[in-house]
Amino acid sequence: RLRWDQEKRKQIMALWGGRFSQTPADAVFALSRSVHFDWRLAPYDLRSSLAHLAVLQSSGLLEDSVANPIRNALNELITEVASGAFVAIDTDEDVHSALERGLTEKLGAIGGSLRAGRSRNDQVATDLRLYAIDHMIEVAQQVLALQSALIAKATEYGDAPAPGFTHLQHAQPVLFGHEIAKHVQGFSRDLDRIHDWLDRALVSPLGSGALAGSSLPLSPEVTAANLGFTSSAANSIDGVSDRDFVAEALFILSMVGIHLSRIGEEWCIWATTEFGWAKVADAYSTGSSIMPQKKNPDMAELARGKAGRLVGNLTGVLTMLKGLPFAYNRDLQEDKEPLFDSIDTVLLVLPAVTGMVATTDFDREKLALAAPLGFSLATEIADYLVRAKVPFAHAHEAAGKCVALCESTGRQLHQLTDDEFVSIHPSLKSDVRDVLTVQGALESRTTVGGTSPSSFKAQIKEATAITAAYSKEFTDKAKAFSEMMGA
Ligand code: ARG
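Residues numbered from 1 in each chain as written. Predicted model: local features only at pLDDT ≥ 70, side-chain atom pairs only at ≥ 80, totals over all residues. Heavy atoms only, no water.

Focus: the overall build of the chain
Step number 1: When its secondary structure is counted, the chain shows 19 helices and six strands.
Step number 2: The C-alpha radius of gyration computed for the chain amounts to 31 Å, which surpasses the reference 23 Å derived for 487 residues by more than 25%, pointing to a less compact arrangement than a globule.
Step number 3: Sequence separation of at least 24 residues holds for 77% of the intrachain contacts in the chain that already meet a minimum separation of 6.
Step number 4: Side-chain charges in the chain split into 46 positive and 60 negative, and the spacing between the mean points of these groups amounts to 2 Å. (Helix = DSSP H or I, 4+ residues; strand = E, 2+ residues; numbered from the N terminus. Rg over C-alpha atoms; globule rule 2.2 N^0.38 Å. Contact = heavy atoms within 4.5 Å. Lys, Arg positive; Asp, Glu negative; His and termini not counted. Charge placed at Lys NZ, Arg CZ, Asp CG, Glu CD.)

Some remarks on the packing of aromatic side chains
Step number 1: Taken as a whole and judged by the stated rule, the model has 18 aromatic pairs.
Step number 2: Between the aromatic rings of Trp16 and Phe20, the centroid separation amounts to 5.1 Å while the plane-to-plane angle is 65°, which identifies the pairing as edge-to-face.
Step number 3: Take Trp16: its relative accessible area is 27%, and that puts it in the partly exposed class.
Step number 4: The class for Phe20 is partly exposed, based on a relative accessible area of 43%.
Step number 5: Ring geometry for Trp270 versus Trp277: centroids 5.9 Å apart, planes at 35°, classification tilted. This pair shows no difference in class: Trp270 is buried, exactly as Trp277 is.
Step number 6: The rings of Tyr157, Phe165, Phe176, Trp267, Trp270, Phe275, Trp277 and Phe362 are connected pair by pair, giving a single aromatic cluster.
Step number 7: Across from the ring centre of Phe474, 5.7 Å away, lies the NZ or CZ of Lys477, which sits over that ring. (Phe/Tyr/Trp six-rings, centres within 6.5 Å; stacked < 30°, edge-to-face > 60°. Buried < 20%, exposed > 50% of the residue type's maximum accessible area, 1.4 Å probe, protein only. Lys NZ or Arg CZ within 6 Å of the ring centre and 35° of its normal.)

Some words on the site of the ligand
Step number 1: Near the ligand, the surroundings consist of Ser34, Asp94, His96, Arg120, Asn121, Val124, Tyr328, Gln333 and Lys336.
Step number 2: In the model, a nitrogen atom of the ligand is placed 3.1 Å from a nitrogen or oxygen of the Asp94 side chain.
Step number 3: The separation between a nitrogen atom of the ligand and a polar side-chain atom of Gln333 is 2.9 Å.
Step number 4: Surface burial for the ligand is 86%, taken as the share of its 350 Å² of free accessible area covered by protein chains.
Step number 5: Of the residues contributing to the shell around the ligand, the split by class is two nonpolar, four polar and three charged. (Near = heavy atom within 4 Å. Polar contact = N/O pair within 3.5 Å; in protein donor to acceptor, adjacent residues only side chain to side chain. Areas by Shrake-Rupley, 256 points an atom, 1.4 Å probe, with all protein chains shown as cover. Nonpolar A, V, L, I, M, F, W, Y, C, P; charged D, E, K, R; others polar.)

Side note on helix α15 (residues 378-387)
Step number 1: For α15, every residue scored as buried is listed here: Ala378, Glu380, Ile381, Ala382, Tyr384 and Leu385.
Step number 2: Elements in contact with the buried residues of α15: α16 (392-409), α17 (418-424) and α18 (438-444).

Structural notes on the side chain of Gln123
Step number 1: Structurally, the position occupied by Gln123 is in helix α7 (residues 120-156).
Step number 2: Looking at Gln123, the relative accessible area reads 6%, which means it is buried.
Step number 3: If sequence neighbours within four positions are ignored, Gln123 has contacts with Asp45, Ser49, His96, Arg118 and Leu206.

Quick look at the pairing of strand β2 (residues 169-175)
Step number 1: In terms of strand pairing, strand β1 (residues 161-166) meets β2 through five bridges, oriented antiparallel. The residue bridging Ala162 from the neighbouring strand is Val174, located in β2.
Step number 2: The antiparallel pairing of β1 with β2 creates a hairpin that spans two residues between the two strands, and His167 there sits at a positive phi of about 55°. (Pairing = 2+ DSSP bridges.)

Details of the side chain of Thr223
Step number 1: On the secondary structure map, Thr223 appears in helix α9 (residues 220-226).
Step number 2: Residues contacting Thr223, with those up to four places away along its chain left out, are Ala51, His52, Val55 and Leu206.

Let's talk about α7
Two residues of an α-helix separated by three or four positions point the same way, owing to the 3.6 residues in each turn.
Step number 1: In this model, α7 (37 residues) spans 53 Å end to end at C-alpha, consistent with the 54 Å of a helix rising 1.5 Å per residue.
Step number 2: The buried fraction of α7 amounts to 27 of the 37 residues, a majority that puts the element mostly inside the structure.
Step number 3: Here α7 starts with a cap whose side-chain oxygen sits 2.8 Å from the backbone nitrogen of Asn121, and that cap is Ser119. (Expected span 1.5 Å × (residues − 1).)

Some details on the pattern of salt bridges
Step number 1: Per the stated rule, a full pass over the model turns up 29 salt bridges.
Step number 2: Glu93 is paired through a salt bridge with Arg330; the nearest N and O atoms lie 3.3 Å apart. Within this pair, whereas Glu93 is found in the loop between α5 (64-83) and α6 (95-107), its partner Arg330 is found in the loop between α12 (298-321) and α13 (336-359), the two being separated by 237 residues in sequence.
Step number 3: Its relative accessible area of 3% is what places Glu93 among the buried residues.
Step number 4: The partner of Asp159 in a salt bridge is Arg364, and the shortest N-O contact between them spans 3.0 Å. Here the residue Asp159 occupies a position in the loop between α7 and β1, and Arg364 occupies one in helix α14 (residues 364-370), the gap between them amounting to 205 residues.
Step number 5: Exposure remark for Arg364: the relative accessible area of 37% places this residue in the partly exposed category.
Step number 6: Shared partners join several salt bridges into a network, and the residues in it are Glu93, Asp94, Arg120 and Arg330. (Salt bridge = Lys/Arg side-chain N within 4 Å of Asp/Glu carboxyl O.)

Rendered as structure tokens:
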């Protein structure tokens, strides 16, 4: 619990105390204070202060004799914040007041000059956008690393027959590589989402002031360009209160988390003794404190479990935004922790899942043995009859009868006799057995996106090309962003 004496209470009010006759109560400051979580905005706050300073100076509002020392002090603070030499203290309300204290400690009263034409309302909205942009680019890069691991693993098992499921029941055989490669698709959509999100997020609120813009000759569009934004807010009231970019980012992060959770669930099932398909590497497993034999797929379980908090963070922010009056309201301070937490969470889970995927081995023999089980070739009989011009409804019925006969007599489909086939349907000739092989079933599914070896190869080729294009895009974006930050 923090305690503040009267001297400290006065410091707390440094940014806004002029009209107050009382200092804040402990409970007020305890609830108000955000510096313990918004401190991570410090590098972005300092960078946007440099941009704001540039327009104050170029418009002549600040003389060079004032602006230049402020620029030097801001640059010093950038270094000191990075090294930990400058940190927040218990009388700092938020990151903005902490950094203004830093400037004032260095420069005296002129340290407060940057507040001209700027409010914490447009400042915090700008800082949070920069933070989100920086980290969503990092998320994209980690998603790409996972996609590469999935593509490599899919390619490794691109010739391995396996059972495919619907309702967790054997349905039709698939290539195991096709099964792994499906995960690449959801993450490609996540990358599309981050790409689109960036277009909308790159609007600068700086210059919106408290809510109404500024009477000073600032140039929000110039500040925006300085910070790598593509435009500045078209409406200052919206500028300070728009948190769509937070909600959308939280949705994207939830989707990434949900995709990770579905990988997690699959790995958990595949690593069971009952399935026995996946051998998860020791480095990506954990043991039991009581059962010495245990090797548990905890990374897969955490990937599955963490999705819950991601959806919770999204729900929390959407609920906070619902019905919120314009322009700035302090409710908006609640946008940060969920966003930080979701970004942290996704950046924790992604490398662990990437490593788990890359180091898991699968039992080809078990997969192949399981592929034809559960009469998974019954559709082949129906398709065979369709090619013989039998209406599908009749074909389906006949194939179902074959399955029923096999079940009651303990046989597999290819073990039915010629007479039995013909008696079930006159078009079921003896060559129906040619289609009753896993390899035949796989090779026949040549539609685009199907599981045939040729379709699978085309799919991998396309996925690899998309991944390469996005890798380049997000590497370029990361480079541009870090150049902007270092400018
Ligand atoms: N810490 C605040 C936040 O995160 C900064 C903005 C405060 N603005 C205000 N008018 N009290 O939202």
